[in-house]
Amino acid sequence: ASKKLGVSEKETRALGRIISVALEDSQRQQEQSDAELNSGQINGGQWVEARKTRGLQLETTLIARAFPNAAQARKREDYQAFLGDVATLAGSVPDRRARADLLYAAWLSIIPREIATGVPDWDEYYERVEEFQGKLSGEDRNLLQQRRLSGATALERQFLTFQAMVNPYWRKRGDFFSLYP
């Protein structure tokens, strides 16, 4: 798979280890943010911003800057193809990954484009997320939601569940205000 994509196997392994440690650290930070919110040290807006910032930091700082020749530093679709090749030994064996994991990987491949350096285009991002989810069957949408919630802290699960309920209304609000620039 490394040769097919033209990436460094050594950097891909090294970055995989670094990402694993970073994800564990991010989980600890999330649990700390949860505790700070529950104790009143921070408010809900600060909790959401910290969560968003943590996610973007994992995405941008670790990957392309540290290991430019690792598979993870390539475009999302190239990396997804690489993972598919690894999982199937370049198509020689059936893919054993769980459907929920495949849906989650596809969902994670939707990343916000930047309007300016460090400024994500959240409107376009959520349109792409909605488009992706709109193409899924009800069963696949439920699998994706369950997979997303499986790695979340208890507070994040509540937040993500609430966010899924209110996002359609926020979109309508944005559509309304776009009529009055």
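Located above this text is the structure these notes cover.
A brief structural summary.

**A look at the overall build of the chain**
Point 1. A tally of helices and strands in the chain yields 8 helices and 2 strands.
Point 2. Reading the secondary structure of the chain in the N-to-C direction produces α-α-α-α-α-β-β-α-α-α.
Point 3. Split into buried and exposed, the 181 residues of the chain put 29% on the buried side.
Point 4. Counting contacts in the chain only where the partners sit at least 6 residues apart, residues at least 24 apart contribute 61% of the total.

**Notes on the pattern of salt bridges**
Point 1. Under the counting rule described, the total for this entry stands at 5 salt bridges.
Point 2. Between Glu-156 and Arg-51 there is a salt bridge, with the nearest N and O atoms lying 2.9 Å from each other. One end of the pair, Glu-156, is in helix α8 (residues 154–178); the other, Arg-51, is in helix α3 (residues 44–66), with 105 residues separating them in the sequence.
Point 3. Arg-51 gets classed as partly exposed once you look at its relative accessible area, which sits at 23%.

**With respect to the packing of helix α5 (residues 99–108) against helix α6 (residues 122–134)**
Point 1. Contact geometry of α5 with α6 gives a least axis separation of 10 Å together with a crossing angle of 155°. Of the possible angle classes, the one that applies to α5 and α6 is roughly antiparallel. α5 and α6 meet at a crossing whose hand is right-handed. Contacts from Leu-103, Ala-106 and Trp-107 of α5 reach α6 at Tyr-125, Val-129, Phe-132 and Gln-133.
Point 2. Here the contact of α5 with α6 is built from residues that sort into 6 nonpolar, 1 polar and no charged.

**Observations concerning the packing of aromatic side chains**
Point 1. Within the structure shown, the criterion is met by 3 aromatic pairs.
Point 2. Ring centres of Tyr-104 and Trp-107 lie 5.9 Å apart, and the angle between their planes is 20°; this geometry places the pair in the stacked category. In this pair, Tyr-104 and Trp-107 are both assigned in helix α5, 3 residues apart and thus about one turn of the helix distant.
Point 3. According to the relative accessible area criterion, Trp-107 is buried, its value standing at 12%.
Point 4. Taken together, a centroid distance of 5.0 Å and an interplanar angle of 70° make the contact between Tyr-125 and Tyr-126 edge-to-face.
Point 5. Among the residues examined, Tyr-125 registers a relative accessible area of 10% and is labelled buried.
Point 6. On the basis of relative accessible area, Tyr-126 is assigned to the partly exposed category, the value being 30%.

Rules behind the numbers
- Residues numbered from 1 in each chain as written.
- Predicted model: local features only at pLDDT ≥ 70, side-chain atom pairs only at ≥ 80, totals over all residues.
- Heavy atoms only, no water.
- Helix = DSSP H or I, 4+ residues; strand = E, 2+ residues; numbered from the N terminus.
- Buried < 20%, exposed > 50% of the residue type's maximum accessible area, 1.4 Å probe, protein only.
- Contact = heavy atoms within 4.5 Å.
- Salt bridge = Lys/Arg side-chain N within 4 Å of Asp/Glu carboxyl O.
- Axes fitted to C-alpha atoms, helices over the stretch in contact; angles between N-to-C directions.
- Parallel < 35°, antiparallel > 145°, perpendicular 65-115°, else oblique.
- Left-handed = near helix turned anticlockwise from the far one by under 90°.
- Nonpolar A, V, L, I, M, F, W, Y, C, P; charged D, E, K, R; others polar.
- Phe/Tyr/Trp six-rings, centres within 6.5 Å; stacked < 30°, edge-to-face > 60°.

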